[in-house]
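Read off the chains here:
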Amino acid sequence: MAILALLLVGAILLLASPAAVEAQQTGKVYRIGFLRAGEPLKLWIDEFRQGLRELGYVEGQNLIIEFKIGTLDQLPQLADELVRSKVDVIVASASSAGIAAKKTTTTVPIVFTSLSHPVEIGLIKSLARPGGNITGVTVNAAAHVGKRLELLRELVPTLRQVAVLTHPGHPSDPVQRKEMEEAARALGLQLKPVAVRGPEDFDAAFTAVSGADGLINIDTPLFTTHRARFVELASKSRLPAIWANRTVVEAGGLMSYGTYIPALFRRAAVYVDKVLKGAKPADLPVEQPTKFELVINLKTAKALGLTIPPSVRLRADQVLE
């Protein structure tokens, strides 16, 4: 029995990552700092934790995760707190957290996830060779901005003017707006930008979108964090809306097209593991997703008096009844 137990322990150590095995042998406890503006979904964090467990990291044994969640204005201070607590790596969720972490430290490794346009916002030098102390997984938002407008027009053939909920202050807001404007021109659509800086702007924003034929949003954590409120206001305004994140559709939104975010958090765990093994972020190419998903909420469509065209429904990855 003792020999069998030793064999089992040996097999477990072989399956674990070298960094995790070393931690178990030396008693080292790795510290991961997690930074984000707005509360992340539990599923996203569960996927990140599961990815780490599969690589041999166990919270409370060889790993501690320190969460720092706040507003855009609080991110610089929260990033500084993580650096002062001597974390081994910072996981930055979304562009705002990535920029705040970069401005705070040039030495602590940073792994970003669910982040768009890292090159355009000055976070890294290139996707192939990010440089500095930063790498990670991007949402590749540029690949689906035009597609979202196309889908909205298929749903609403009379679509002419589209209201855009923007998020001034978020690093990728200007880049995303530019891409939307280019896509709208190609489709012959007119955009109506409406600024949303925080919850205090929600009601006024939906008053301002009155008269538009449809609704779209800049992809930032603000719209995920407050998804229930946005769904409620869109419903009251009776505006057909397509969102960047399926979580809004699961909360009652009409339709979404974008990257499956939980997979990005699972992949972030792989990058964290590589960094803890000693890899330099500058040498780790940024990963881009290649699969996007279309999710439709039929109950919401019915409430808005909309019929989902067969051409759209057949392309859906998931239809919520």
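Residues numbered from 1 in each chain as written. Predicted model: local features only at pLDDT ≥ 70, side-chain atom pairs only at ≥ 80, totals over all residues. Heavy atoms only, no water.

Draft legend 1. Local environment of the side chain of T220. Within the secondary structure, T220 sits in the loop between β8 (214–217) and α9 (221–225). Of the residues examined, T220 reaches a relative accessible area of 3% and is grouped as buried. Residues in contact with T220, not counting those within four places in the same chain, are H167, H170 and Q176. (Helix = DSSP H or I, 4+ residues; strand = E, 2+ residues; numbered from the N terminus. Buried < 20%, exposed > 50% of the residue type's maximum accessible area, 1.4 Å probe, protein only. Contact = heavy atoms within 4.5 Å.)

Draft legend 2. Examining the pattern of salt bridges more closely. Scanning the model with the defined rule gives 20 salt bridges in all. Put simply, R246 and E293 hold a salt bridge, and the shortest N to O gap is 3.0 Å. You can see R246 sitting in helix α11 (residues 246–250) and its partner E293 sitting in strand β11 (residues 292–297), a full 47 residues away along the chain. One continuous salt-bridge network, built from bridges that share partners, spans R31, E66, K68 and E81. (Salt bridge = Lys/Arg side-chain N within 4 Å of Asp/Glu carboxyl O.)

Draft legend 3. Focus on the side chain of S172. Position of S172 among the secondary structure elements: in the loop between β6 (161–166) and α7 (173–187). Among the residues examined, S172 registers a relative accessible area of 0% and is labelled buried. Separated by 3.4 Å, the side chains of S172 and S116 make a polar contact. Here Q176 takes part through its side chain, which lies 2.9 Å from a polar atom of the side chain of S172. (Polar contact = N/O pair within 3.5 Å; in protein donor to acceptor, adjacent residues only side chain to side chain.)

Draft legend 4. Examining the sheet that holds strand β5 (residues 134–138) more closely. Overall, parallel pairing links the 5 strands, which are arranged β2-β1-β3-β4-β5 in an open sheet. One side of each edge strand has no neighbouring strand; the edge strands of this open sheet are β2 (63–70) and β5. Averaged over all pairs of adjacent strands, the angle between their axes in this sheet comes to 20°, without regard to strand direction. As paired elements, strand β3 (residues 89–93) and strand β4 (residues 110–115) share 4 bridges and run parallel to each other. Along β4, the bridge assignment pairs I90 with I110. (Pairing = 2+ DSSP bridges. Axes fitted to C-alpha atoms, helices over the stretch in contact; angles between N-to-C directions.)

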